[in-house]
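Summary of structural features
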2 protein chains.
Amino acid sequence: MTKSAAPYHHGSLKDALVDEAAAMIAEGGVDGVTMRAIGERLGVSRAAPYRHFPDKTALIVAVAATGFARLSHRLRSVDAEAAGASLGRIRRMGEEYIRFAIENPAHYRVMYGKEALARREQPELRQAGDAIFDHLVDVLRAHQRSGGIKRQDPRVQAYVAWSAAHGLASLLIEEQILADVDVDAVIGQTTNALLNGLRRRARR
Amino acid sequence: MTKSAAPYHHGSLKDALVDEAAAMIAEGGVDGVTMRAIGERLGVSRAAPYRHFPDKTALIVAVAATGFARLSHRLRSVDAEAAGASLGRIRRMGEEYIRFAIENPAHYRVMYGKEALARREQPELRQAGDAIFDHLVDVLRAHQRSGGIKRQDPRVQAYVAWSAAHGLASLLIEEQILADVDVDAVIGQTTNALLNGLRRRARR
DNA sequence: GGGGGCATGTTGACGCGATCAACATGCCCC
DNA sequence: GGGGCATGTTGATCGCGTCAACATGCCCCC
(Lines give C-alpha, C1' and ligand atoms only; values in the text may rest on other atoms or scores of the structure.)
Protein backbone atom coordinates (compact mmCIF):
# COMPACT_ATOMS: atom_id res chain seq x y z
CA MET A 1 0.00 0.00 0.00
CA THR A 2 2.26 2.80 1.24
CA LYS A 3 6.03 2.73 1.05
CA SER A 4 7.36 -0.74 1.62
CA ALA A 5 10.27 -1.46 3.96
CA ALA A 6 13.36 0.76 4.24
CA PRO A 7 13.36 3.79 1.97
CA TYR A 8 15.28 6.84 3.07
CA HIS A 9 16.46 7.96 6.44
CA HIS A 10 14.19 6.58 9.08
CA GLY A 11 12.32 3.94 7.22
CA SER A 12 8.61 4.53 7.07
CA LEU A 13 8.26 7.39 9.48
CA LYS A 14 4.80 8.23 8.28
CA ASP A 15 3.24 4.94 9.31
CA ALA A 16 5.25 4.90 12.51
CA LEU A 17 3.92 8.35 13.36
CA VAL A 18 0.34 7.26 12.98
CA ASP A 19 0.85 4.19 15.14
CA GLU A 20 2.75 6.08 17.79
CA ALA A 21 0.18 8.84 17.83
CA ALA A 22 -2.54 6.29 18.47
CA ALA A 23 -0.53 4.84 21.33
CA MET A 24 0.00 8.26 22.82
CA ILE A 25 -3.66 9.13 22.51
CA ALA A 26 -4.51 5.98 24.40
CA GLU A 27 -2.15 7.07 27.14
CA GLY A 28 -2.92 10.72 27.51
CA GLY A 29 -5.49 11.83 24.98
CA VAL A 30 -4.80 14.09 22.06
CA ASP A 31 -3.19 16.63 24.36
CA GLY A 32 -0.75 13.94 25.34
CA VAL A 33 0.52 13.87 21.79
CA THR A 34 3.16 16.52 21.20
CA MET A 35 5.22 16.76 18.10
CA ARG A 36 8.29 16.94 20.24
CA ALA A 37 7.48 13.84 22.25
CA ILE A 38 6.40 11.75 19.31
CA GLY A 39 9.59 12.68 17.50
CA GLU A 40 11.65 11.72 20.48
CA ARG A 41 9.88 8.38 20.85
CA LEU A 42 10.63 7.56 17.26
CA GLY A 43 14.18 8.83 17.40
CA VAL A 44 13.71 11.79 15.10
CA SER A 45 13.64 15.50 15.74
CA ARG A 46 10.64 17.59 16.63
CA ALA A 47 10.12 18.92 13.15
CA ALA A 48 10.52 15.63 11.33
CA PRO A 49 6.79 14.86 11.49
CA TYR A 50 6.16 18.00 9.48
CA ARG A 51 7.75 16.29 6.49
CA HIS A 52 4.79 13.90 6.50
CA PHE A 53 1.92 15.88 7.93
CA PRO A 54 1.31 19.58 7.47
CA ASP A 55 0.38 19.96 11.12
CA LYS A 56 -0.60 18.10 14.23
CA THR A 57 -4.25 18.03 13.27
CA ALA A 58 -3.41 16.21 10.07
CA LEU A 59 -1.62 13.57 12.07
CA ILE A 60 -4.63 13.03 14.29
CA VAL A 61 -6.84 12.95 11.24
CA ALA A 62 -4.68 10.16 9.90
CA VAL A 63 -5.25 8.20 13.08
CA ALA A 64 -8.98 8.70 12.76
CA ALA A 65 -8.90 7.73 9.10
CA THR A 66 -7.07 4.53 9.97
CA GLY A 67 -9.74 3.84 12.53
CA PHE A 68 -12.53 4.39 10.04
CA ALA A 69 -10.86 2.03 7.62
CA ARG A 70 -10.56 -0.65 10.26
CA LEU A 71 -14.08 -0.24 11.53
CA SER A 72 -15.50 -0.23 8.05
CA HIS A 73 -13.62 -3.38 7.24
CA ARG A 74 -14.81 -5.15 10.35
CA LEU A 75 -18.40 -4.17 9.88
CA ARG A 76 -18.41 -5.30 6.29
CA SER A 77 -16.84 -8.57 7.28
CA VAL A 78 -19.40 -9.55 9.88
CA ASP A 79 -22.10 -8.20 7.67
CA ALA A 80 -20.97 -10.41 4.83
CA GLU A 81 -20.81 -13.48 7.03
CA ALA A 82 -24.30 -12.95 8.30
CA ALA A 83 -25.79 -11.91 5.03
CA GLY A 84 -29.46 -11.99 4.42
CA ALA A 85 -31.92 -10.19 6.56
CA SER A 86 -31.87 -11.99 9.86
CA LEU A 87 -32.02 -9.76 12.89
CA GLY A 88 -28.83 -11.46 13.94
CA ARG A 89 -27.11 -9.52 11.23
CA ILE A 90 -27.99 -6.27 12.90
CA ARG A 91 -27.06 -7.60 16.30
CA ARG A 92 -23.66 -8.69 15.10
CA MET A 93 -22.99 -5.35 13.53
CA GLY A 94 -23.83 -3.62 16.79
CA GLU A 95 -21.65 -5.93 18.79
CA GLU A 96 -18.80 -5.53 16.36
CA TYR A 97 -19.04 -1.76 16.57
CA ILE A 98 -18.77 -1.89 20.33
CA ARG A 99 -16.01 -4.44 20.20
CA PHE A 100 -14.07 -2.24 17.81
CA ALA A 101 -14.34 0.65 20.23
CA ILE A 102 -13.12 -1.44 23.13
CA GLU A 103 -10.20 -2.81 21.18
CA ASN A 104 -9.22 0.50 19.59
CA PRO A 105 -10.07 3.11 22.19
CA ALA A 106 -7.63 5.69 20.88
CA HIS A 107 -8.97 5.43 17.38
CA TYR A 108 -12.55 5.49 18.58
CA ARG A 109 -11.91 8.59 20.62
CA VAL A 110 -10.69 10.59 17.68
CA MET A 111 -13.36 9.16 15.39
CA TYR A 112 -16.48 9.64 17.43
CA GLY A 113 -15.69 10.19 21.06
CA LYS A 114 -14.03 12.58 23.34
CA GLU A 115 -11.09 14.04 21.42
CA ALA A 116 -13.06 13.73 18.19
CA LEU A 117 -12.05 16.27 15.59
CA ALA A 118 -14.53 18.51 13.91
CA ARG A 119 -15.57 15.90 11.39
CA ARG A 120 -17.53 18.56 9.65
CA GLU A 121 -14.26 20.19 8.67
CA GLN A 122 -12.39 17.10 7.59
CA PRO A 123 -13.91 15.93 4.31
CA GLU A 124 -11.97 12.71 4.49
CA LEU A 125 -13.39 11.75 7.85
CA ARG A 126 -16.79 13.06 7.11
CA GLN A 127 -17.02 10.83 4.10
CA ALA A 128 -15.74 7.79 5.96
CA GLY A 129 -18.23 8.33 8.74
CA ASP A 130 -21.07 8.88 6.34
CA ALA A 131 -20.22 5.72 4.44
CA ILE A 132 -20.50 3.64 7.58
CA PHE A 133 -23.73 5.29 8.56
CA ASP A 134 -25.18 4.86 5.09
CA HIS A 135 -24.29 1.22 5.13
CA LEU A 136 -26.26 0.82 8.33
CA VAL A 137 -29.20 2.58 6.76
CA ASP A 138 -29.02 0.21 3.80
CA VAL A 139 -29.03 -2.80 6.06
CA LEU A 140 -32.05 -1.48 7.91
CA ARG A 141 -33.81 -0.77 4.66
CA ALA A 142 -33.20 -4.32 3.53
CA HIS A 143 -34.69 -5.65 6.73
CA GLN A 144 -37.71 -3.45 6.30
CA ARG A 145 -38.31 -4.87 2.87
CA SER A 146 -38.00 -8.40 4.07
CA GLY A 147 -40.42 -7.60 6.86
CA GLY A 148 -38.20 -8.15 9.85
CA ILE A 149 -38.44 -4.67 11.26
CA LYS A 150 -40.87 -1.80 11.43
CA ARG A 151 -41.34 0.31 8.35
CA GLN A 152 -40.38 3.83 9.30
CA ASP A 153 -37.67 6.28 8.38
CA PRO A 154 -34.61 4.02 8.33
CA ARG A 155 -32.38 6.97 9.12
CA VAL A 156 -34.22 7.54 12.35
CA GLN A 157 -33.82 3.86 13.14
CA ALA A 158 -30.16 4.13 12.28
CA TYR A 159 -29.66 7.06 14.63
CA VAL A 160 -31.42 5.24 17.43
CA ALA A 161 -29.21 2.22 16.90
CA TRP A 162 -26.08 4.29 16.56
CA SER A 163 -26.95 6.27 19.70
CA ALA A 164 -27.21 3.12 21.75
CA ALA A 165 -24.01 1.62 20.40
CA HIS A 166 -22.11 4.88 20.61
CA GLY A 167 -23.32 5.61 24.11
CA LEU A 168 -22.30 2.24 25.39
CA ALA A 169 -18.99 2.32 23.57
CA SER A 170 -18.23 5.73 25.03
CA LEU A 171 -19.05 4.80 28.58
CA LEU A 172 -16.98 1.65 28.27
CA ILE A 173 -13.84 3.19 26.88
CA GLU A 174 -14.03 6.18 29.18
CA GLU A 175 -14.26 3.72 32.04
CA GLN A 176 -17.46 5.13 33.35
CA ILE A 177 -18.87 1.68 33.93
CA LEU A 178 -17.66 0.16 37.13
CA ALA A 179 -15.50 -2.90 36.91
CA ASP A 180 -17.71 -5.12 39.02
CA VAL A 181 -20.59 -4.85 36.59
CA ASP A 182 -21.23 -7.57 34.07
CA VAL A 183 -20.21 -5.76 30.93
CA ASP A 184 -21.37 -8.51 28.63
CA ALA A 185 -24.79 -8.32 30.21
CA VAL A 186 -24.94 -4.60 29.52
CA ILE A 187 -23.89 -5.13 25.93
CA GLY A 188 -26.34 -7.97 25.48
CA GLN A 189 -29.23 -6.05 26.95
CA THR A 190 -28.46 -2.96 24.98
CA THR A 191 -28.54 -4.83 21.70
CA ASN A 192 -31.65 -6.68 22.81
CA ALA A 193 -33.48 -3.52 23.69
CA LEU A 194 -32.43 -2.13 20.36
CA LEU A 195 -33.65 -5.10 18.38
CA ASN A 196 -36.92 -5.15 20.26
CA GLY A 197 -37.39 -1.54 19.38
CA LEU A 198 -36.80 -2.25 15.71
CA ARG A 199 -38.63 -5.56 15.44
CA ARG A 200 -42.06 -5.50 13.97
CA ARG A 201 -44.22 -5.96 16.98
CA ALA A 202 -46.40 -9.06 16.70
CA ARG A 203 -50.03 -8.12 16.80
CA ARG A 204 -51.28 -9.57 20.01
CA MET B 1 -25.44 31.24 47.98
CA THR B 2 -21.97 32.48 47.06
CA LYS B 3 -20.87 36.08 47.48
CA SER B 4 -23.77 38.44 46.93
CA ALA B 5 -23.50 41.56 44.77
CA ALA B 6 -20.49 43.87 44.75
CA PRO B 7 -17.65 42.85 47.04
CA TYR B 8 -14.15 43.94 46.12
CA HIS B 9 -12.62 44.96 42.87
CA HIS B 10 -14.48 43.34 40.05
CA GLY B 11 -17.61 42.22 41.76
CA SER B 12 -18.09 38.51 41.76
CA LEU B 13 -15.36 37.49 39.40
CA LYS B 14 -15.55 33.89 40.46
CA ASP B 15 -19.10 33.36 39.28
CA ALA B 16 -18.47 35.42 36.18
CA LEU B 17 -15.50 33.23 35.33
CA VAL B 18 -17.57 30.08 35.51
CA ASP B 19 -20.29 31.51 33.31
CA GLU B 20 -17.86 32.91 30.82
CA ALA B 21 -15.92 29.68 30.71
CA ALA B 22 -19.10 27.81 29.87
CA ALA B 23 -19.84 30.26 27.09
CA MET B 24 -16.34 29.87 25.71
CA ILE B 25 -16.55 26.10 25.85
CA ALA B 26 -19.74 26.24 23.84
CA GLU B 27 -17.93 28.31 21.25
CA GLY B 28 -14.62 26.56 20.94
CA GLY B 29 -14.38 23.69 23.35
CA VAL B 30 -12.13 23.59 26.36
CA ASP B 31 -9.15 24.50 24.21
CA GLY B 32 -11.02 27.65 23.28
CA VAL B 33 -10.85 28.74 26.89
CA THR B 34 -7.59 30.52 27.66
CA MET B 35 -6.89 32.32 30.86
CA ARG B 36 -5.82 35.30 28.84
CA ALA B 37 -8.97 35.45 26.75
CA ILE B 38 -11.34 34.88 29.60
CA GLY B 39 -9.61 37.61 31.56
CA GLU B 40 -9.87 39.98 28.67
CA ARG B 41 -13.55 39.24 28.16
CA LEU B 42 -14.25 40.03 31.77
CA GLY B 43 -12.03 43.08 31.84
CA VAL B 44 -9.39 41.72 34.17
CA SER B 45 -5.84 40.64 33.59
CA ARG B 46 -4.62 37.22 32.59
CA ALA B 47 -3.61 36.20 36.07
CA ALA B 48 -6.72 37.41 37.84
CA PRO B 49 -8.51 34.05 37.46
CA TYR B 50 -5.74 32.48 39.50
CA ARG B 51 -7.03 34.35 42.53
CA HIS B 52 -10.15 32.21 42.33
CA PHE B 53 -9.02 28.94 40.81
CA PRO B 54 -5.65 27.29 41.31
CA ASP B 55 -5.43 26.46 37.64
CA LYS B 56 -7.39 26.16 34.45
CA THR B 57 -8.51 22.65 35.22
CA ALA B 58 -10.12 23.83 38.44
CA LEU B 59 -12.08 26.39 36.47
CA ILE B 60 -13.36 23.74 34.10
CA VAL B 61 -14.17 21.51 37.03
CA ALA B 62 -16.28 24.33 38.42
CA VAL B 63 -18.22 24.46 35.16
CA ALA B 64 -18.81 20.73 35.32
CA ALA B 65 -19.84 20.94 38.96
CA THR B 66 -22.37 23.63 38.09
CA GLY B 67 -23.69 21.36 35.39
CA PHE B 68 -24.05 18.44 37.74
CA ALA B 69 -25.93 20.61 40.18
CA ARG B 70 -28.32 21.76 37.49
CA LEU B 71 -28.87 18.31 36.06
CA SER B 72 -29.39 16.82 39.46
CA HIS B 73 -31.93 19.48 40.28
CA ARG B 74 -33.82 18.97 37.04
CA LEU B 75 -33.92 15.23 37.36
CA ARG B 76 -35.14 15.39 40.91
CA SER B 77 -37.81 17.87 39.92
CA VAL B 78 -39.37 15.81 37.16
CA ASP B 79 -38.91 12.75 39.26
CA ALA B 80 -40.84 14.34 42.09
CA GLU B 81 -43.64 15.46 39.81
CA ALA B 82 -44.08 12.04 38.37
CA ALA B 83 -43.62 10.17 41.60
CA GLY B 84 -44.78 6.64 42.02
CA ALA B 85 -43.65 3.85 39.82
CA SER B 86 -45.22 4.55 36.47
CA LEU B 87 -43.00 3.89 33.51
CA GLY B 88 -43.67 7.47 32.57
CA ARG B 89 -41.44 8.46 35.42
CA ILE B 90 -38.50 6.76 33.80
CA ARG B 91 -39.36 8.16 30.41
CA ARG B 92 -39.50 11.66 31.76
CA MET B 93 -36.18 11.31 33.45
CA GLY B 94 -34.63 10.14 30.22
CA GLU B 95 -36.14 12.96 28.25
CA GLU B 96 -35.07 15.47 30.83
CA TYR B 97 -31.51 14.18 30.72
CA ILE B 98 -31.39 14.62 26.98
CA ARG B 99 -33.06 17.99 27.16
CA PHE B 100 -30.52 19.13 29.72
CA ALA B 101 -27.72 18.15 27.37
CA ILE B 102 -29.25 20.02 24.48
CA GLU B 103 -29.83 23.13 26.53
CA ASN B 104 -26.44 23.07 28.26
CA PRO B 105 -24.07 21.62 25.70
CA ALA B 106 -20.98 23.20 27.21
CA HIS B 107 -21.75 21.84 30.65
CA TYR B 108 -22.64 18.45 29.26
CA ARG B 109 -19.40 18.25 27.34
CA VAL B 110 -17.26 18.74 30.39
CA MET B 111 -19.48 16.50 32.51
CA TYR B 112 -19.80 13.46 30.34
CA GLY B 113 -18.90 14.21 26.76
CA LYS B 114 -16.06 15.19 24.65
CA GLU B 115 -13.91 17.54 26.73
CA ALA B 116 -14.90 15.61 29.84
CA LEU B 117 -12.30 15.75 32.55
CA ALA B 118 -10.91 12.67 34.15
CA ARG B 119 -13.81 12.32 36.55
CA ARG B 120 -11.88 9.63 38.30
CA GLU B 121 -9.43 12.26 39.46
CA GLN B 122 -11.91 14.89 40.56
CA PRO B 123 -13.60 13.63 43.72
CA GLU B 124 -16.13 16.42 43.55
CA LEU B 125 -17.31 15.46 40.09
CA ARG B 126 -17.05 11.80 40.72
CA GLN B 127 -19.38 12.10 43.64
CA ALA B 128 -21.86 14.25 41.77
CA GLY B 129 -21.94 11.82 38.88
CA ASP B 130 -22.32 8.85 41.16
CA ALA B 131 -25.18 10.49 43.00
CA ILE B 132 -27.13 10.94 39.80
CA PHE B 133 -26.42 7.40 38.72
CA ASP B 134 -27.38 6.02 42.09
CA HIS B 135 -30.62 7.90 41.99
CA LEU B 136 -31.42 6.24 38.68
CA VAL B 137 -30.63 2.86 40.16
CA ASP B 138 -32.99 3.60 43.05
CA VAL B 139 -35.78 4.52 40.70
CA LEU B 140 -35.28 1.34 38.73
CA ARG B 141 -35.24 -0.70 41.91
CA ALA B 142 -38.51 0.85 42.97
CA HIS B 143 -40.07 -0.07 39.67
CA GLN B 144 -38.83 -3.59 39.99
CA ARG B 145 -40.51 -3.91 43.37
CA SER B 146 -43.77 -2.58 42.07
CA GLY B 147 -43.56 -5.00 39.21
CA GLY B 148 -43.32 -2.61 36.30
CA ILE B 149 -39.99 -3.77 34.99
CA LYS B 150 -37.92 -6.89 34.80
CA ARG B 151 -36.16 -8.05 37.90
CA GLN B 152 -32.48 -8.09 37.12
CA ASP B 153 -29.42 -6.24 38.26
CA PRO B 154 -30.71 -2.67 38.38
CA ARG B 155 -27.22 -1.34 37.80
CA VAL B 156 -27.07 -3.16 34.51
CA GLN B 157 -30.43 -1.68 33.60
CA ALA B 158 -29.18 1.72 34.64
CA TYR B 159 -26.12 1.44 32.43
CA VAL B 160 -28.24 0.38 29.48
CA ALA B 161 -30.53 3.34 30.01
CA TRP B 162 -27.69 5.74 30.58
CA SER B 163 -25.90 4.46 27.47
CA ALA B 164 -28.89 5.17 25.31
CA ALA B 165 -29.50 8.61 26.75
CA HIS B 166 -25.83 9.53 26.75
CA GLY B 167 -25.29 8.28 23.22
CA LEU B 168 -28.18 10.26 21.88
CA ALA B 169 -27.26 13.36 23.85
CA SER B 170 -23.71 13.17 22.54
CA LEU B 171 -24.67 12.77 18.94
CA LEU B 172 -27.12 15.62 19.24
CA ILE B 173 -24.84 18.16 20.82
CA GLU B 174 -21.92 17.21 18.62
CA GLU B 175 -24.20 17.78 15.67
CA GLN B 176 -23.67 14.35 14.25
CA ILE B 177 -27.34 14.00 13.48
CA LEU B 178 -28.31 15.70 10.28
CA ALA B 179 -30.65 18.61 10.48
CA ASP B 180 -33.30 17.19 8.20
CA VAL B 181 -33.96 14.28 10.50
CA ASP B 182 -36.86 14.34 12.90
CA VAL B 183 -34.99 14.70 16.15
CA ASP B 184 -38.05 14.29 18.30
CA ALA B 185 -38.77 11.02 16.57
CA VAL B 186 -35.28 9.81 17.38
CA ILE B 187 -35.66 10.83 21.00
CA GLY B 188 -39.08 9.27 21.24
CA GLN B 189 -38.00 6.01 19.72
CA THR B 190 -34.92 5.81 21.82
CA THR B 191 -36.89 6.15 25.01
CA ASN B 192 -39.50 3.73 23.70
CA ALA B 193 -36.94 1.11 22.86
CA LEU B 194 -35.47 1.60 26.27
CA LEU B 195 -38.74 1.23 28.09
CA ASN B 196 -39.65 -1.83 26.06
CA GLY B 197 -36.36 -3.33 27.03
CA LEU B 198 -37.01 -2.71 30.70
CA ARG B 199 -40.70 -3.52 30.79
CA ARG B 200 -41.69 -6.89 32.07
CA ARG B 201 -42.66 -8.69 28.92
CA ALA B 202 -46.26 -9.81 29.00
CA ARG B 203 -46.50 -13.54 28.66
CA ARG B 204 -48.25 -14.11 25.41
C1' DG C 1 30.28 8.07 -13.67
C1' DG C 2 29.11 12.58 -11.76
C1' DG C 3 26.14 16.48 -10.63
C1' DG C 4 21.55 18.32 -9.73
C1' DG C 5 17.40 17.91 -7.33
C1' DC C 6 13.85 16.11 -4.43
C1' DA C 7 12.82 13.68 -0.17
C1' DT C 8 13.99 13.73 4.60
C1' DG C 9 15.82 15.44 8.71
C1' DT C 10 17.85 18.90 11.89
C1' DT C 11 18.48 23.14 14.50
C1' DG C 12 17.22 27.99 15.60
C1' DA C 13 13.69 31.32 16.32
C1' DC C 14 8.98 33.18 17.19
C1' DG C 15 4.60 33.61 19.33
C1' DC C 16 1.05 31.87 22.37
C1' DG C 17 -0.78 30.06 26.51
C1' DA C 18 -0.25 28.32 31.49
C1' DT C 19 1.57 29.57 35.57
C1' DC C 20 4.55 31.59 39.28
C1' DA C 21 6.70 35.51 41.76
C1' DA C 22 6.94 40.21 43.08
C1' DC C 23 4.51 44.21 43.48
C1' DA C 24 0.10 47.37 43.77
C1' DT C 25 -4.48 48.47 45.71
C1' DG C 26 -8.73 48.49 48.17
C1' DC C 27 -11.28 47.73 52.43
C1' DC C 28 -12.45 45.85 56.75
C1' DC C 29 -11.31 45.11 61.43
C1' DC C 30 -9.00 46.08 65.78
C1' DG D 1 -5.36 55.09 61.69
C1' DG D 2 -2.67 51.33 60.41
C1' DG D 3 -1.98 46.41 59.44
C1' DG D 4 -3.38 42.58 56.83
C1' DC D 5 -5.96 39.79 53.76
C1' DA D 6 -8.37 39.62 49.39
C1' DT D 7 -7.80 40.95 44.71
C1' DG D 8 -5.49 42.38 40.75
C1' DT D 9 -1.51 43.49 37.76
C1' DT D 10 2.87 43.04 35.34
C1' DG D 11 7.23 40.55 34.30
C1' DA D 12 9.46 36.27 33.51
C1' DT D 13 9.86 31.25 32.53
C1' DC D 14 8.74 27.05 30.23
C1' DG D 15 6.56 23.85 26.94
C1' DC D 16 4.61 23.40 22.48
C1' DG D 17 3.21 24.18 17.56
C1' DT D 18 5.19 25.76 13.57
C1' DC D 19 8.14 28.18 10.01
C1' DA D 20 12.71 29.13 7.86
C1' DA D 21 17.35 28.03 6.78
C1' DC D 22 20.53 24.60 6.47
C1' DA D 23 22.29 19.46 6.11
C1' DT D 24 22.17 14.82 4.04
C1' DG D 25 21.16 10.88 1.34
C1' DC D 26 19.89 8.74 -3.05
C1' DC D 27 18.10 8.33 -7.52
C1' DC D 28 17.86 9.81 -12.21
C1' DC D 29 19.48 11.97 -16.38
C1' DC D 30 23.23 13.38 -19.45
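These numbers come from a predicted model, not from an experiment.

Time to look at the overall build of chain A. Per the secondary structure count, chain A includes eight helices and zero strands. Seen along its three principal axes, the alpha-carbon backbone of chain A occupies a region of about 70 × 40 × 30 Å. Burial statistics for chain A: of 204 residues in total, 50% are counted as buried. Of all intrachain contacts in chain A linking residues separated by at least 6 positions in sequence, the fraction that spans at least 24 positions is 62%. Taking the average location of the 29 positive side-chain charges in chain A and that of its 24 negative ones, the two points are 8 Å from each other.

Within soluble globular proteins, side chains that are nonpolar generally end up buried alongside one another. Counting residues in each nonpolar core, the largest one holds 135 residues, and the members touching the most others are Tyr97(A), Tyr112(A), Tyr97(B) and Tyr112(B). Contact partners of Tyr112(B), with chain neighbours within four places excluded, come to Gln176(A), Phe68(B), Leu71(B), Tyr97(B), Arg119(B), Gly129(B), Ile132(B), Trp162(B) and His166(B).

In summary, the two copies of the chain are related to each other by a rotation about an axis coupled with a shift along it. Screw-axis analysis of chain B against chain A gives a translation of 0.0 Å along the axis, an RMSD of 0.1 Å, and a rotation angle of 180°. Accordingly, the operation relating the two chain copies is best matched by a two-fold axis. Looking at the interface residues of chain B, 97% of them are also at the interface in chain A, so both copies use one shared face.

Residues and elements named next belong to chain A. For chain A, the assigned domains read domain 1 (13-51) and domain 2 (60-198). Computed over C-alpha atoms only, the centres of domain 1 and domain 2 are separated by 28 Å. Facing the seven residues of domain 1 at the interface are nine residues of domain 2. Summing both sides of the interface, domain 1 and domain 2 together bury roughly 700 Å²; the carbon and sulfur share of this comes to 79%. Applying the counting criterion to the domain 1 and domain 2 interface returns zero salt bridges. Summed over the shared surface of domain 1 and domain 2, the number is one residue pair in polar contact (both at pLDDT 80 or more). Residues that form the side of domain 1 that touches domain 2 fall into these classes: six nonpolar, one polar and no charged.

All names here are of chain B. With 17 residues, helix α4 (residues 87-103) should reach 24 Å at 1.5 Å per residue; the first-to-last C-alpha distance of 24 Å fits that figure. Residues of α4 that are buried: Leu-87, Arg-89, Ile-90, Met-93, Gly-94, Glu-96, Tyr-97, Ile-98, Phe-100 and Ala-101. Buried-residue contacts for α4 involve α3 (56-81), α5 (105-111), α6 (123-145), α7 (154-173) and α8 (183-198).

Criteria and thresholds
Residues numbered from 1 in each chain as written. Chains lettered and ligands numbered in written order. Predicted model: local features only at pLDDT ≥ 70, side-chain atom pairs only at ≥ 80, totals over all residues. Heavy atoms only, no water. Helix = DSSP H or I, 4+ residues; strand = E, 2+ residues; numbered from the N terminus. Buried < 20%, exposed > 50% of the residue type's maximum accessible area, 1.4 Å probe, protein only. Contact = heavy atoms within 4.5 Å. Lys, Arg positive; Asp, Glu negative; His and termini not counted. Charge placed at Lys NZ, Arg CZ, Asp CG, Glu CD. Core = buried A, V, L, I, M, F, W, Y, C linked by side-chain atoms within 4.5 Å. Least-squares fit on C-alpha atoms with pLDDT ≥ 70 in both. Domains from an automatic or database assignment. Buried area = accessible area lost by both parts, 1.4 Å probe. Salt bridge = Lys/Arg side-chain N within 4 Å of Asp/Glu carboxyl O. Polar contact = N/O pair within 3.5 Å; in protein donor to acceptor, adjacent residues only side chain to side chain. Nonpolar A, V, L, I, M, F, W, Y, C, P; charged D, E, K, R; others polar. Expected span 1.5 Å × (residues − 1).

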